[in-house]
Amino acid sequence: MRTLNISISDVEYSKFGLRNNKLTFSDFLDMVSKELSRQTLNKCVELAEKHGLSKMTMKDITKEVKAVRRNAKNRH
């Protein structure tokens, strides 16, 4: 087995809730993956709010989906 040393700031250490100086690689990947997912979700929410999508009702969404499907069928 090999050991990999990674340096992170105190802010990142706290942000990830680390309590131990040693992690398995799987735990490290899981931690980074969750953070990237959180950042991506926040960006999606931000874009939805910016473009008014966050205010759409399920009825509005259903109408939009049906319209796109209808237009796709008409193109073929």
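The structure under discussion appears in the preceding block.
A short tour of the structure in this document, coming up. (Residues numbered from 1 in each chain as written. Predicted model: local features only at pLDDT ≥ 70, side-chain atom pairs only at ≥ 80, totals over all residues. Heavy atoms only, no water.)

The description of two aromatic rings rests on the distance between their centres and on the angle between their planes. Throughout the structure, instances matching the rule amount to 1 aromatic pair. Considering the side-chain rings of F25 and F28, the 6.3 Å spacing of their centres and the 35° angle between planes classify their relative orientation as tilted. Residue F25 and its partner F28 are both found in helix α2 (residues 25-50); the two are separated by 3 residues, about one turn of the helix. (Phe/Tyr/Trp six-rings, centres within 6.5 Å; stacked < 30°, edge-to-face > 60°. Helix = DSSP H or I, 4+ residues; strand = E, 2+ residues; numbered from the N terminus.)

Further remarks concern the side chain of E35. Note on placement: E35 falls in helix α2. Within the structure, the side chain of E35 is placed 2.5 Å from the side chain of R38, a separation counted as a polar contact. (Polar contact = N/O pair within 3.5 Å; in protein donor to acceptor, adjacent residues only side chain to side chain.)

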